[in-house]
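Okay, here's what each chain looks like letter by letter:
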Number of protein chains: 2
Amino acid sequence: MNDLRRVVCLSGGVGGARLLHGLARALPADALTVIVNTGDDFRHWGLYIAPDLDTVMYTLSGLGHEARGWGLAEETFGALEMVKRYGGDDWFALGDRDLGTHLVRTEALARGETLSAITARLFERLGVATRVLPMADAPCRTMIDTDSDGTLPFQQWFVRRRAVPAVKRVWFDGTRTPAPGVIEAIEGADLCIIGPSNPYVSVDPILAMDGVRAALERRKVVALSPIVGGRAVKGPLAEMIQTLRGEPASPGAIVRHYEGLLRGIFVEEGDEPSVGASGCAVRGGRTVMTDRAESLRLARELLEFAATIP
Amino acid sequence: MNDLRRVVCLSGGVGGARLLHGLARALPADALTVIVNTGDDFRHWGLYIAPDLDTVMYTLSGLGHEARGWGLAEETFGALEMVKRYGGDDWFALGDRDLGTHLVRTEALARGETLSAITARLFERLGVATRVLPMADAPCRTMIDTDSDGTLPFQQWFVRRRAVPAVKRVWFDGTRTPAPGVIEAIEGADLCIIGPSNPYVSVDPILAMDGVRAALERRKVVALSPIVGGRAVKGPLAEMIQTLRGEPASPGAIVRHYEGLLRGIFVEEGDEPSVGASGCAVRGGRTVMTDRAESLRLARELLEFAATIP
C-alpha cells in the first residue's frame, strides 16, 4: 500500500462516510481526495442543506453520531420543536447543532462564495485534513420518477415519502460542470474507489458530471459492494435494483450497473459467485462496518485487494 | 376599569413585555392592542431577527425565560456552538428554540408575507390572544451616532459594544409608514399606555411613524416610568438621559422627553417630586416587576390610576 500516493473516493452519505473514516486513517493525510454527491442537496426552512457533505464532514471530524451514521452526536432538536409549534415543515429533522452548519453555509452562499470554497473552509475548521470536494458548485438535483406519485425531488421521495413510491427512473436536473479539482483529482489518482453508496442516487449523480466517467475509465476503479446477501446494508437499493434492472440485488448487479467501469469489487464473503465472468476481480470479506475499528480494517483490506489488481 | 374596552400599549422589549403580561391578564382578552418597536430588528446569520416582538411573544405565551426577561425558557445553544467552531459571528447569542422562530419568520418574509401577517400568525400559534402589531411592516432601523465609534446600527451598539460608546444622537433610517391597524388602534383607544421602555430607542421609533404622535395627542396617554430612583431598571437609559438631555435621569425627564404627550405617569414611590409642575398627573407605587404576580398588580394599579385622569 505504501506506493499509493493518490487515492480518490466517490461517496454518498452514511456507508460511504464510514469507509472514508477508515481510508482517512489507512492512508497518509495528503493521499486521499473525496468527491461527494450533492444531488441530494435541497433547501429547507430557507437553508441550503447538503446531507452527504455533512455526513462525510461529521464522520471524518469525529463529531458525528457513530451508531446512527448521520447527524451530530449529542444533538438537540429545540428549533424543530418550535417550528412544529408554528405549523412549519417538520418532515426533515434538522438538529440544533446541525443548524449551525446550514446557517454558516447558507450565509456564505448568499455572499457569493462557492460550495467548494465553503466546503474546504468548514472541513478545515472542524480539523479534517482529508481533501473533500463537492461533485459540483452549482445545483444538480436528483429527481425520482415514481410509479404512484409522479416526479419527486430526492429528499421528498427519500425522507418525506420514506422511499415507499416505486422508482421508475432516476434523472438529474441541473449543472453538468464538475467542481474545480474533481477531474484533476481523478486524472492524478493511482486508485479510484467507489464507496458502498447507492449507485443510482449517490454515485450516478457524480458520474453524470462532464468528464468524470471518461476520466474514471482511464484509472483503476474498485468498488465496495453496498449489497450484502441480496440486501442493501441501508436504504432502498435492493428494491431499486429489482425494479430498474429487473434482476435480484447482488454485487454482480452493481458490477453490471457500472457497465465495465470496475476493475475490482470487494464483496461480503459468500457473495463472490454473483459477480460471474465479468472481467472484474472479486474479493470476499466482512463488509459491514459496525464501528470505527471495522472501518479501518475494511479500508485496509480494500486497499490491499486493489493493490493485487494490475 | 370595567369601562375600558380598548387599550393600546406601546412597547419595547423586556420591561414593556413584563407590563404587557400583567395588562393582558388585567383586561378582557379583546381589549388590549400592543404596538411593538421594530427599530431593533436586524439580520444575523442570514435570518431576520425581531428582538422586541419575540420578547413580547415569549413573555405573553408563557414560554419565556421569566427571570432573564428575554429568550425562551429551557433554551440550548448548540447551533451557536457550531457557528463558533466555524469561525462565524458569535456576538449575538441566538438560542436553538429561538432559532425556530427566526427560521419560520425569515422564510415567510422571503415568500412575501408581511411582518404584521407573520406576527399575527406566530402569536396565534403560541396561543396568545392579545392583538400585537409591529410598528411597521417595512424596515426602519434605529441608528446610534456615538462619541467614539461613529454611527452604529442599534444591535451593534447595544449588544456587540454593550452600549459603552456614549450616544450623541439617535435617528431612524427607513420607512415612516406604520403597519396596518396601528393608527386605527390608537384612534379607537380609550387609553394609551407607554410601557416602561427606553424612550429613545424603544418608544421614539414608534412615535416616528407617520401619524402616530398626532393620533396619540388626541388620546389619554399615561406612561409607566422606566426610571427608578435616578437609575434605569435595565439598560443604558440613565446615561442616555444625562448625555442627550443634560439633566439627571428621573421620571420628570421622561415626562419632558415626551413633550406634553403624557397626561399621567406612574412612578416609583418617592420619585413623584421629580415630575414637578408639568400638568402631568403622577402616581407613586412599586414599579419594579420581579415576577408575574407583580406584573399583574402593577398593571391593575396603573389602570386604576389612568381611570382617575379625565
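Residues numbered from 1 in each chain as written. Chains lettered and ligands numbered in written order. Predicted model: local features only at pLDDT ≥ 70, side-chain atom pairs only at ≥ 80, totals over all residues.

A. Representation of the overall build of chain A. The number of helices and strands found in chain A is twelve helices and 14 strands. At 19 Å, chain A has a C-alpha radius of gyration in line with the 19 Å of a compact globule built from 310 residues. When burial is assessed residue by residue, chain A has 49% of its 310 residues classed as buried. (Helix = DSSP H or I, 4+ residues; strand = E, 2+ residues; numbered from the N terminus. Rg over C-alpha atoms; globule rule 2.2 N^0.38 Å. Buried ≥ 20, exposed ≤ 12 C-beta atoms within 10 Å, placed from the backbone.)

B. Looking closely at the interface of chain B and chain A. Across the boundary between the two partners, chain B contributes 26 residues, which contact 26 residues of chain A. The biggest single contributor to the side of chain B that touches chain A is helix α4 (residues 96–110) of chain B, with ten residues. (Contact = placed C-beta atoms within 7 Å.)

C. How the structure looks around the relation of the copies chain B and chain A. In screw terms, the move from chain B to chain A is a rotation of 180° and a rise of 0.0 Å along the axis, fitting with an RMSD of 0.0 Å. The transformation just described matches what one would write down for a two-fold rotation axis. Scanning chain B for the C-alpha nearest the rotation axis identifies D96 of chain B, at a separation of 2.9 Å. By residue overlap, the copies meet face to face through one surface: 100% of the interface positions of chain B are interface positions in chain A. (Least-squares fit on C-alpha atoms with pLDDT ≥ 70 in both.)

D. Helix α12 (residues 292–307) of chain B, seen in detail. Residues and elements named next belong to chain B. Here α12 contains 16 residues, and its C-alpha end-to-end distance of 23 Å stays within 8% of the 22 Å for a straight helix at 1.5 Å per residue. Those residues of α12 lying buried are S295, L298, A299, L302, L303 and A306. Projected onto a plane normal to the axis of α12, the buried residues spread over an arc of 135° and lie on a single side. Elements that come into contact with the buried residues of α12 comprise α1 (14–26), β9 (191–194), β10 (221–224) and β13 (264–268). (Expected span 1.5 Å × (residues − 1). Arc of directions from axis to C-beta.)

E. Up close: the sheet that holds strand β8 (residues 167–174) of chain B. Residue and element names in this part refer to chain B. Across the sheet, which stays open at both edges, the three strands sit in the order β7-β6-β8 with antiparallel pairing between neighbours. If you trace the sheet from one side to the other, it starts and ends with β7 (151–153) and β8, each paired once. Adjacent strand axes in the sheet meet at a mean angle of 30° when their direction is disregarded. Pairing of strand β6 (residues 140–146) with β7 involves three bridges; the strand directions are antiparallel. Considered in β7, the bridge of I144 is made with L152. In the packing of helix α8 (residues 199–207) onto the sheet, contacts are made with β6 and β8, and the angle to β8 comes to roughly 30°. (Pairing = 2+ DSSP bridges. Axes fitted to C-alpha atoms, helices over the stretch in contact; angles between N-to-C directions.)

F. Representation of the environment of A79 of chain B in the model. With respect to the secondary-structure elements, A79 of chain B resides in helix α3 (residues 78–85). Here A79 of chain B falls in the buried class, since 29 other C-beta atoms lie within 10 Å of it. Put simply, A79 of chain B and I183 of chain B are 104 residues apart on the chain and 39 Å apart in space, counted from C-alpha to C-alpha. Aside from chain neighbours lying at most four places away, what touches A79 of chain B is D96, R97, L99, G100 and L103 of chain A together with L94, D96 and L99 of chain B.

G. How the structure looks around the sheet that holds strand β6 (residues 140–146) of chain A. All names here are of chain A. Spatially, β7-β6-β8 is the arrangement adopted by the three strands of the open sheet, whose pairing is antiparallel. Edge positions in the sheet fall to β7 (151–153) and β8 (167–174), since each has one partner strand and no second. On average, adjacent strands in this sheet sit at an angle of 30° to one another, irrespective of strand direction. Sitting on the sheet, helix α8 (residues 199–207) is in contact with β6 and β8, with an inclination near 30° to β8.

H. A look at unusual backbone geometry. The phi dihedral of A163 of chain A is positive, around 55°, even though this residue is not glycine. Looking at the secondary structure, you find A163 of chain A in the loop between α6 (154–160) and β8.

I. A look at the environment of I49 of chain B. All names here are of chain B. Within the element layout of this structure, I49 appears in strand β4 (residues 47–49). Given 21 C-beta atoms within 10 Å, I49 falls into the buried group. Taking C-alpha positions, I49 is 25 Å from G22, a pair spaced 27 residues apart along the chain. When residues no more than four places from it in sequence are discounted, the contact partners of I49 are D41, F42, H44 and H102.

J. Structural detail: the nonpolar core. Core analysis: the biggest nonpolar cluster contains 192 residues, and I265 of chain A together with I265 of chain B have the highest contact counts within it. The contact partners of I265 of chain B, leaving out residues within four places of it in the chain, are V222, A223, S225, P251, I254, V255, V275, C280 and V282 of chain B. (Core = buried A, V, L, I, M, F, W, Y, C linked by C-beta atoms within 7 Å.)

K. Representation of the confidence of the model for chain A in the model. Predicted confidence across chain A gives a mean pLDDT of 95, with 99% of residues reaching 70 or more. For this predicted complex, the interface score ipTM comes out at 0.92, while the overall pTM is 0.93. (pLDDT = per-residue confidence, 0-100.)

L. The arrangement of the packing of helix α4 (residues 96–110) of chain A against helix α5 (residues 115–125) of chain A in detail. Residues and elements named next belong to chain A. Contact geometry for α4 and α5: axes closest at 10 Å, N-to-C directions at 140°. Considering how the two elements wind past one another, α4 and α5 form a crossing that is right-handed. Residues T101, V104, R105, A108 and L109 of α4 lie in contact with α5, whose contacting residues are L115, I118 and L122. Classifying every residue of the contact of α4 with α5 by side-chain character gives six nonpolar, one polar and one charged. (Left-handed = near helix turned anticlockwise from the far one by under 90°. Nonpolar A, V, L, I, M, F, W, Y, C, P; charged D, E, K, R; others polar.)

M. Expanded view of the packing of helix α3 (residues 78–85) of chain A against α4 of chain B. Two elements in contact, α3 of chain A and α4 of chain B, have axes whose closest approach is 6 Å; the angle formed by their N-to-C orientations is 45°. Relative to α4 of chain B, α3 of chain A is oriented oblique. In this structure, α3 of chain A crosses over α4 of chain B, and the sense of that crossing is right-handed. Two secondary-structure elements touch here, α3 of chain A through G78, A79, L80, E81, M82 and V83 of chain A and α4 of chain B through D96, R97, L99, G100, T101, L103 and V104 of chain B. The residue inventory of the contact of α3 of chain A with α4 of chain B, partitioned by class, reads seven nonpolar, three polar and three charged. (Parallel < 35°, antiparallel > 145°, perpendicular 65-115°, else oblique.)

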